[in-house]
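# A structural walkthrough
Spelled out, the chains give:
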Amino acid sequence: MPLVAFTVGLAMVLMLRKIAARLQRRIGPPFLQPVYDIVKLYSKDTQISHGMIHEMGIIMAVGGYIAAETLLPVPGMDGLADKGGIVTLTYLLMIPQLGLALGVGQCANPNGSIGISRALTAMLAYDIPFILVVFGMSWSYGTTNLAEMIAIQQQAGMQSWGIIQMPLLALAGLMVLPAMLGKQPFEIYVAPAEIATGPMVEMGGKFMGGLFVMQCFQLYTVGVLYTTLFLGGGENWLSFLFKIFVVVAIPMSIAFMFPRYRTEDMLRLMWKWPVLVGLLGLAVVMIQV
Amino acid sequence: MSKNKTLTKKDQMQQDKAQDGQQMLVDFTRPRTNPMANVFDGLVRFCQSRSMFMLHYCTGCGAIELPPAMTSRFDMERLGIQPMVTPRQADILLITGYVSVKTLKRIILTYEQMAAPKYVIGICSCTVNGGMYWQSYATAKVLREYLPVDIYIAGCMPRPEAIIEGLQVLMDDIKTGRAENWKRYFQNYDYYLGNQQKLFGDHWQTPTDIISEARHYDLITENTLGKHTALLEKHQAPLQALEMTLQQNRERV
């Protein structure tokens, strides 16, 4: 499953870059550009390491997502989905950011430290509504098992999808998506022109390659998680791929409409609107049940 | 287009040989006996040529031609060229326009922090021969004397088409394995350091230990060490961590 995730993730990276290019009336990168980038980064002659923890951090960042992939059900392969459940998955999704924080910490670059402190604050901001959404969905389906959730949603076609049954929670989840992906209005922790890409500032060669791989997994994980919770999972590979690509394309399509939020504004925004909508959704779910 | 000439590495090497005879490019590439290894090397070189992250050191006027080259009119991303912001991530160092003595110090620091294989592109006439700043006392005229330059894109200023054409020449060089100028910095370090010392004074030193790096890459030649590196070793101070001054400042206020 991680291999599927990586391949699909590469295609997603390509799609995002193509969307960005089209919105700016450019042609955009060629088809295999993400592959070229990763091969190039891993084949650099100089690999500047700042020590053991720096390397471990990248391994944690990639490994956390690889572990998360095994818990995500795809059509025909449930993996550990019916054993792990969504609570374990929520824990695993925090590991990459923490691993990155460890790795960046050893680089001792002030830009990196600023970046990672902003990234962790951002995680704090989007995790509250995210947990609300996860809690509401598990309450509504009466299970934390992702495979069962899909089965419940697939009983009566589109009518039983989470997005139809619980539109408020779906909306809160959609608001959280760009922040989870670190996309445009919420990319203050990367801020290339100000703090030189923040956490990535000291990453060159294979470290940067590792982060590129991590990005592929991240896009895939977020797409599949949203599809599983709200869009009825995948009946077959075709509809599954279509759904996850649409989910990932939404935040990118609206990314360039907003200016970048400062960290405190992002925190305020995230704790106000998605939390409000999520709490309302939760109330509706609890009254219904 | 006709005004802007793109100097390829071959022209530049000929000039090098004509001007400073002691420089030479020693070829360390071992012949690979395993045919699969050649295929692998070719693949890696192809990917390297199709994915170039550039760090633009834009202190000169040529910088103004880069935004159109990157944005919707000419779109460098379709060739796999992206801007990056730190030397650790970058492959290409773009130097646009004249280089003052003070600027050159930063350029050398940046260049030495970049990860090999790395390429330097000099844009505008000023990097070739000083251009209109030829008589300036504060300008480093010939960039090639301080750093190994892979491609010069001459012109005052070169148009985005010329910049993209120059980058395509570099792509071809990388693909065919000819763009190995970064090795010259290690192989002829004494020459480059000598020119740097002439400009910055005898106490010039950078945080990067080039000689150890050259040893690591097995690129030590008879031109790596010489009287200039001996001078460097005499003056070299060990690197120290910066003092934390936050508290002191607070007291002062």
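Residues numbered from 1 in each chain as written. Chains lettered and ligands numbered in written order. Predicted model: local features only at pLDDT ≥ 70, side-chain atom pairs only at ≥ 80, totals over all residues. Heavy atoms only, no water.

## What about the overall build of chain A?
The secondary structure content of chain A amounts to 13 helices and 0 strands. Reading the helices (α) and strands (β) of chain A from amino to carboxyl end gives α-α-α-α-α-α-α-α-α-α-α-α-α. Here the C-alpha atoms of chain A give a radius of gyration of 19 Å, agreeing with the 19 Å that 2.2 N^0.38 yields for 289 residues. By its C-alpha atoms, chain A is 55 × 40 × 40 Å across when sized along the principal axes. Every one of the 289 residues in chain A was classed for burial, and the buried ones make up 56%. Residue pairs in contact within chain A that sit at least 24 positions apart in sequence constitute 79% of those at least 6 positions apart. Counting only carbon and sulfur atoms, one obtains 71% of the accessible surface of chain A, whose full area is about 12,000 Å². In chain A, the 16 positive side-chain charges and the 14 negative ones have mean positions that sit 10 Å from each other. (Helix = DSSP H or I, 4+ residues; strand = E, 2+ residues; numbered from the N terminus. Rg over C-alpha atoms; globule rule 2.2 N^0.38 Å. Buried < 20%, exposed > 50% of the residue type's maximum accessible area, 1.4 Å probe, protein only. Contact = heavy atoms within 4.5 Å. Areas by Shrake-Rupley, 256 points an atom, 1.4 Å probe, with all protein chains shown as cover. Lys, Arg positive; Asp, Glu negative; His and termini not counted. Charge placed at Lys NZ, Arg CZ, Asp CG, Glu CD.)

## Details of the nonpolar core
Generally speaking, soluble globular proteins have nonpolar side chains that are buried together. Residues Met-137, Met-203, Tyr-220, Leu-225 and Phe-230 of chain A are the most contacted members of the largest nonpolar core, which totals 83 residues. Considering each element in turn, this core owes the most residues, 16 residues, to helix α11 (residues 206-230) of chain A. With 36 residues, the next largest nonpolar core counts Leu-93, Val-99, Tyr-111 and Ala-154 of chain B among its residues. (Core = buried A, V, L, I, M, F, W, Y, C linked by side-chain atoms within 4.5 Å.)

## Digging into the environment of Met-77 of chain A
All names here are of chain A. Its place among the elements puts Met-77 in the loop between α3 (52-70) and α4 (81-92). What makes Met-77 partly exposed here is its relative accessible area of 35%. When the C-alpha atoms of Met-77 and Cys-107 are compared, they prove to be 39 Å apart, with 30 residues separating the residues in sequence. Met-77 has contacts with Met-1, Val-4 and Trp-237, leaving out every residue within four places of it along the chain.

## Structural notes on the packing of helix α1 (residues 2-23) of chain A against helix α12 (residues 237-253) of chain A
Residues and elements named next belong to chain A. The interhelical angle for the contact between α1 and α12, taken along N-to-C directions, is 40°, at an axis separation of 10 Å. Considered as vectors, α1 and α12 are oriented oblique to each other. Read as a crossing pair, α1 and α12 show a hand that is right-handed. Across the interface between the two elements, Val-4, Val-8, Ala-11, Met-12, Met-15, Leu-16, Ile-19, Ala-20 and Leu-23 from α1 touch Trp-237, Leu-241, Ile-244, Phe-245, Val-248, Ala-249, Met-252 and Ser-253 from α12. (Axes fitted to C-alpha atoms, helices over the stretch in contact; angles between N-to-C directions. Parallel < 35°, antiparallel > 145°, perpendicular 65-115°, else oblique. Left-handed = near helix turned anticlockwise from the far one by under 90°.)

## Points about a nonpolar patch on the surface
Residues and elements named next belong to chain A. Residues Met-52, Ile-53, Met-56, Ile-59 and Leu-102 make up a contiguous nonpolar surface patch of about 490 Å² in total accessible area. Among the elements that make up the nonpolar patch, the one with the highest residue count is α3 (4 residues). Structurally, the position occupied by Ile-59 is in helix α3. Given the relative accessible area of 54%, Ile-59 is considered exposed. (Patch = residues over 30% accessible without salt bridge, like charges linked within 9 Å, V, L, I, M, F, W, Y side chains within 5 Å. Salt bridge = Lys/Arg side-chain N within 4 Å of Asp/Glu carboxyl O.)

## Here's the deal with the packing of α3 of chain A against helix α5 (residues 95-107) of chain A
Each packed pair of helices is defined by two parameters, the angle between the axes and the distance between the axes. Residues and elements named next belong to chain A. At their nearest, the axes of α3 and α5 sit 7 Å apart, and the two run at 165° to each other. Classed by the angle they form, the pair α3 and α5 counts as roughly antiparallel. Our pair here, α3 against α5, has a crossing hand that is left-handed. Of the residues in α5, those touching α3 at Met-52, Ile-53, His-54, Gly-57, Met-60, Ala-61, Gly-64 and Tyr-65 are Ile-95, Pro-96, Gly-99, Leu-100, Leu-102, Gly-103, Gln-106 and Cys-107.

## Thoughts on unusual backbone geometry
Residue Pro-117 of chain B is reached from Ala-116 of chain B by a cis peptide bond, and omega for that bond is 0°. Take Pro-117 of chain B: it is sitting in the loop between α4 (101-113) and β6 (119-123). The peptide bond linking Cys-156 of chain B to Met-157 of chain B adopts the cis configuration, its omega dihedral lying at -5°. Looking at the secondary structure, you find Met-157 of chain B in the loop between β8 (151-153) and α6 (160-175). With a phi close to 55°, Arg-25 of chain A is a non-glycine residue in the positive phi region. Inspection of the secondary structure assignment puts Arg-25 of chain A in the loop between α1 and α2 (33-42). Overall, the relative accessible area of 72% leaves Arg-25 of chain A in the exposed class. One non-glycine residue, Asp-75 of chain B, lies in the positive phi region at around 50°. In this structure Asp-75 of chain B comes out as buried when scored by relative accessible area, which is 2%.

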